[in-house]
Protein chains: 2
Amino acid sequence: MAARYSIGLDFGTESVRVLVVDIANGNIAGQASTNYEHGVIDQSLPGDRSKLPPDYALQHPQDWLEGMSLACKAAMKSARAKPEQVVGVGVDFTSCTMLPTLRDGTPLCLTDAFRKIPLAWPKLWKHHGAKSETDRINQVARQRNEPWLGRYGGLIGLEWFFPKVLETLNGAPRVYDAAEVWIEAGDWLVWQLTSGPFPHCEPKAIPRSTCQAGYKAIWNKKDGYPSRDYLAAVDPKLADLVERKMPGTLMPPGQRAGTLSDRAAKMLGLRPGIPVSAAIIDAHSGVPGAGVADDSTLVMVLGTSSCFMLNSRVEKLVGGICGVVEEGILPGYFGYETGQGSVGDSFAWVAKALSLPHDELNRRAAGLPPGSGGVLAIDWLNGCRTPLMDGRLSGAFVGLTLTTRPEQLYRAMFEATAFGVRWIVETLREGGVPCRNFVASGGLPGKSPLLMQIYADVLGAPIKLAESDQSVALGAAILGCIAAGKETTGYSSIAQAVGAMARQRTDVVYKPDAAAGKKYERVYRIYRSLTDGGGAVAGAMRQLREV
Amino acid sequence: MAARYSIGLDFGTESVRVLVVDIANGNIAGQASTNYEHGVIDQSLPGDRSKLPPDYALQHPQDWLEGMSLACKAAMKSARAKPEQVVGVGVDFTSCTMLPTLRDGTPLCLTDAFRKIPLAWPKLWKHHGAKSETDRINQVARQRNEPWLGRYGGLIGLEWFFPKVLETLNGAPRVYDAAEVWIEAGDWLVWQLTSGPFPHCEPKAIPRSTCQAGYKAIWNKKDGYPSRDYLAAVDPKLADLVERKMPGTLMPPGQRAGTLSDRAAKMLGLRPGIPVSAAIIDAHSGVPGAGVADDSTLVMVLGTSSCFMLNSRVEKLVGGICGVVEEGILPGYFGYETGQGSVGDSFAWVAKALSLPHDELNRRAAGLPPGSGGVLAIDWLNGCRTPLMDGRLSGAFVGLTLTTRPEQLYRAMFEATAFGVRWIVETLREGGVPCRNFVASGGLPGKSPLLMQIYADVLGAPIKLAESDQSVALGAAILGCIAAGKETTGYSSIAQAVGAMARQRTDVVYKPDAAAGKKYERVYRIYRSLTDGGGAVAGAMRQLREV
């Protein structure tokens, strides 16, 4: 029998990657990726010279479609796969990346009226324009003691859905008024696949993922979105936002959102009618993609930023987490998400600032003792997610002397991110959420054994690696397989499909070194003395943002 | 009448510079400098491969003599000066740079028995090996409530004379025992000039400067050195240190210490019998060298580190100053010294770490607004002198984001040193010492107009520049002229000589910008919130040193 494949469409920050995956064993039969033509739009809009405000990070919707089309055809070709071998399609996407559209799916930014309005364009997850709006949203929620606040560690993030909507309402009210649909980019993509692409989409059939909605748009299985009263209290114009501008049906990742439309099939070089899964956030896709379908295992997706996902039997309202969402990652569990705003990005910043290549810095840093010879970094170059949830915080180096060498700065930043992970783990445990095992995936583990050893030493626990170095895209393909259904795939449960298609490596496990762990224990205490939320350093960082 | 000259011998960290100065107007008729052959010895001793401990910074005494000989002859040649035109010689030297010698002036490190013992070598001012010894010296002084403690801001510095002696006693007791004379390098040099060079020096004729003794060896015009009881309480073996191992006569800079010996005259290419002034610390030499002979003017010698000197009519015991010494700089005044451990060195560290040249960084930094776009530095890469007097403190950067550019780090370090100056000025004023005018000298003002403008803006006061860009060496030459005496020079007072030979520039004055000052006011408050002595940041820095 010819192999049967599931397609994983993995939409990242700079590019889209497509995997063609054998559903029998998870082998990647073919793959390709395409860089977005416009990349991250943070200087000026396409066709426009006006300088964008700082903190802006936008994307071009056409990049997603064209990139996906090119990459999917190339991946199918590299797999020598025939369209009839493909049984399902899964989609993961960065989040909260979101956009305003018309009812037919057309992004507002692609209409003549709004082409030159920055706030009409898709806001990328790391768009940080909604600072005052985030404050407002949190302030009103605290005043009203909104029941959902506890599920998000007591704080709604700067990068989330409603802050970005409110930013648009404040900064470009015409855009807000003209938007007929506000939607996550991952959901928009699935919408395009199943009933589009635009301008042919039906507004009633918008499939929205419980993952994106739960983690980024304050949606909950029991209570839905924030109430009309709450939204009206934030701004009267938001009162009917959910009813009028957020149509669609909520469904968990892995559920069949629809089937490939004729036009979308043509765009991908696939057959119409293939089941498409509801979208999932890229990081969360890494959980099935790392072969994890049990509870109490922290899946660490380590990349430009890091996301930490954990399935648990218990629902606890833990201060400082990004979110706990029932069935947010896998059915039957409460899915916890925590995160670090900048990890690989911080290492890249250091390497760029020092004008030295990563390889060289890694090599030299590996020769240093734990503690980087007295240099301590704070890893908040893109703010602090868990546990402080504060985008105004910033990065730091302390302990510099005239003899401090570049590799000390680099290693100190490695160690800082490890301390950040440990703080997250302690936050979960202290909140009553068991956290026993660690599986790393994403781009960083393969790039730096030193980094992984530091994480193991700082956590005092072994770290396993996802077998696939593309666990996020693989996770999307697994969800595509699940959406295809038991009749087609033969898998009777999600756990069965995950177990067959993804695993952890057995040849490399990073084991903690006790002597190093003792040294890190001391440095971690110093790190915590500087990073605690109400401290002088955090206060100074916030004030610096205002100068 | 042929011009008459005074020679200024200026011993720096890396080189010795010699000026041939016209005593009528201060014009520099000729000059030359020689880099020390062994530079700063911080890796291994000459002729030895053993790695020195970190924090070690030593020098080679022969480098001083040979460098001085070469440079003096070259300077005389460049001035086309004849030996009979030279009326006096002045010496400034880094401090506390000190060494153990035999009674005949021979440095212990040049004897076969001690050649391979690091602690027998001259310890450069920035040698930081005496950490625990400094703690001990301060602890005993506080316990005994020593009367002199208040004159040094309540704290004896890591770089000073007695810590370096005690470090030797602890680390190399044989060296301590064998040392017949413990002496400042500047005093040793004057000793070599007037009765040497070794091994021909007479131990009774050692001229010791009240400047070095007052600022670095806890000497006071009224009470002399610390008491035998105090020294014995620190360590019984130190009890007779002053009586037995510190022979000599104390005299202020400008006083005639003696005249050039035959051998020394030959070494310099000068005539024997020329008057030689008692030595002065390099920074303090910058006061007369900047044309300042009045009170309440802060002379800022800005170089690798910065020293701030102020003559005042009042003696106040101000917390955190390096020292107040009666007639420590000029007769008739109480001389205040304060300082920053690392200024140009910090800028050099940043430029080296970023792999960018100073010119480029200066140019880019000049385009940034006050506050460096939200980046704040702490300038303690070589510890904090005034006002915290703590060598264990270290440098820091706060406010880093993924978009932070190299020039922001560079400018932030400029601003940090300016905030440090302001803190020093506030410390003096709050202590009751008037501080009204500002004159900058040293190597940095000419290199960076941006730096000077930042200082003016942060201080909210105009900054004048010493006319000579070599005010330290010029100051030494002025002292040589003064030592020559009224009969020879015609100057009836020190002020008259200073006024004739040194001035401030009239073409360039940095005036404070009010708008910039307002912005700096806010950032300075944040700087202070992080740098205050008992704060979390200082605590973390100290702990990091122990890891």
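See the structure printed just above.
Being a predicted model, the structure only gives us computed values, none of them experimental.

**Describing the overall build of chain A**
(1) Moving on: Check the secondary structure of chain A and you find 20 helices and 20 strands.
(2) Moving on: Whereas a compact globule of 547 residues would reach a radius of gyration of roughly 24 Å, chain A reaches 22 Å, a difference of no more than 12%.
(3) Moving on: The principal-axis extents of the C-alpha atoms in chain A amount to approximately 65 × 60 × 45 Å.
(4) Moving on: Within chain A, the proportion of its 547 residues that are buried is 64%.
(5) Moving on: A fraction of 74% describes how many contacts in chain A between residues 6 or more apart in sequence connect residues 24 or more apart.
(6) Moving on: Roughly 18800 Å² of accessible area belongs to chain A as shown, and the carbon and sulfur atoms make up 49% of that amount.

**Some points on the relation of the copies chain A and chain B**
(1) Moving on: Of the two same-sequence chains, chain A is brought onto chain B (RMSD 0.1 Å, axial shift 0.1 Å) by a rotation of 180°. One copy is carried onto the other by what is essentially a two-fold rotation axis. Within chain A, the C-alpha atom positioned nearest to the axis of rotation is that of L354 of chain A, 2.2 Å from it.
(2) Moving on: The fraction of interface residues of chain A whose copies in chain B are also interface residues reaches 100%, indicating that both copies meet through the same surface.

**Observations regarding the packing of aromatic side chains**
All names here are of chain A.
(1) Moving on: Applying the stated criterion to the full structure yields 31 aromatic pairs over all chains.
(2) Moving on: Seen in terms of ring centroids, F419 and Y524 are 5.9 Å apart; in terms of plane orientation they differ by 50°. Their pairing is tilted. Taken as a pair, F419 in helix α13 (residues 406–430) and Y524 in helix α19 (residues 514–531) lie far apart in primary sequence, 105 residues in all. Per residue, the accessibility class of F419 equals that of Y524, and both read buried.

**Some points on the nonpolar core**
(1) Moving on: Core analysis: the biggest nonpolar cluster contains 148 residues, and M300, F397 and Y455 of chain A together with M300, F397 and Y455 of chain B have the highest contact counts within it.
(2) Moving on: Here M300 of chain B is in contact with C307, F308, V421, F438, V439, A440, S441, Y455 and I463 of chain B, once residues within four sequence places are set aside.
(3) Moving on: Residues W64, W188, A213 and I218 of chain B belong to the second largest nonpolar core, which totals 92 residues.

**Let's talk about the pattern of salt bridges**
Where side chains of opposite charge bring their charged atoms close, a pairing between them can arise.
Residue and element names in this part refer to chain A.
(1) Moving on: Summed over the entire model, instances satisfying the criterion amount to 48 salt bridges over all chains.
(2) Moving on: The partner of D55 in a salt bridge is K131, and the shortest N-O contact between them spans 2.6 Å. With a gap of 76 residues between them, D55 in the loop between β3 (28–35) and α1 (61–78) and K131 in helix α2 (residues 131–144) connect regions that are remote in the sequence.
(3) Moving on: On the basis of relative accessibility, which here comes to 38%, the residue D55 falls in the partly exposed class.
(4) Moving on: We classify K131 as partly exposed; its relative accessible area is 24%.
(5) Moving on: Across the salt bridge formed by D507 and R505, the nearest N and O atoms sit 3.0 Å from each other.
(6) Moving on: Accessibility expressed as a relative area gives 58% for D507, which makes it exposed.
(7) Moving on: For R505, a relative accessible area of 30% puts it in the partly exposed group.
(8) Moving on: Overlapping salt bridges bring together R422, E426, E521, R525, R528 and D532 as one network.

**A closer look at the interface of chain A and chain B**
(1) Moving on: In this complex, chain A contributes 37 residues to the contact, which on the side of chain B involves 37 residues.
(2) Moving on: A per-residue breakdown of the area chain A buries against chain B is headed by W349, L402 and L544 of chain A, which together make up 21% of the total.
(3) Moving on: Joining chain A to chain B, the criterion identifies zero salt bridges.
(4) Moving on: Across the contact surface, chain A and chain B share 15 residue pairs in polar contact (both at pLDDT 80 or more).

**Quick look at the sheet that holds strand β16 (residues 376–378) of chain A**
(1) Moving on: The four strands lie next to each other as β16(A)-β17(A)-β17(B)-β16(B), forming an open sheet whose pairing is antiparallel. Strand pairing shows two members of the sheet lacking a second neighbour, β16 of chain A together with β16 (376–378) of chain B, which therefore form its edges. Mean inter-strand twist for the sheet, computed between neighbouring axes without regard to direction, equals 10°.
(2) Moving on: Seen against the sheet, helix α19 (residues 514–531) of chain B touches β16 and β17 (395–400) of chain B and runs at an angle of roughly 40° to β16 of chain B.

Thresholds applied
Residues numbered from 1 in each chain as written. Chains lettered and ligands numbered in written order. Predicted model: local features only at pLDDT ≥ 70, side-chain atom pairs only at ≥ 80, totals over all residues. Heavy atoms only, no water. Helix = DSSP H or I, 4+ residues; strand = E, 2+ residues; numbered from the N terminus. Rg over C-alpha atoms; globule rule 2.2 N^0.38 Å. Buried < 20%, exposed > 50% of the residue type's maximum accessible area, 1.4 Å probe, protein only. Contact = heavy atoms within 4.5 Å. Areas by Shrake-Rupley, 256 points an atom, 1.4 Å probe, with all protein chains shown as cover. Least-squares fit on C-alpha atoms with pLDDT ≥ 70 in both. Phe/Tyr/Trp six-rings, centres within 6.5 Å; stacked < 30°, edge-to-face > 60°. Core = buried A, V, L, I, M, F, W, Y, C linked by side-chain atoms within 4.5 Å. Salt bridge = Lys/Arg side-chain N within 4 Å of Asp/Glu carboxyl O. Buried area = accessible area lost by both parts, 1.4 Å probe. Polar contact = N/O pair within 3.5 Å; in protein donor to acceptor, adjacent residues only side chain to side chain. Pairing = 2+ DSSP bridges. Axes fitted to C-alpha atoms, helices over the stretch in contact; angles between N-to-C directions.

Read these as spatial facts, not as claims about activity.
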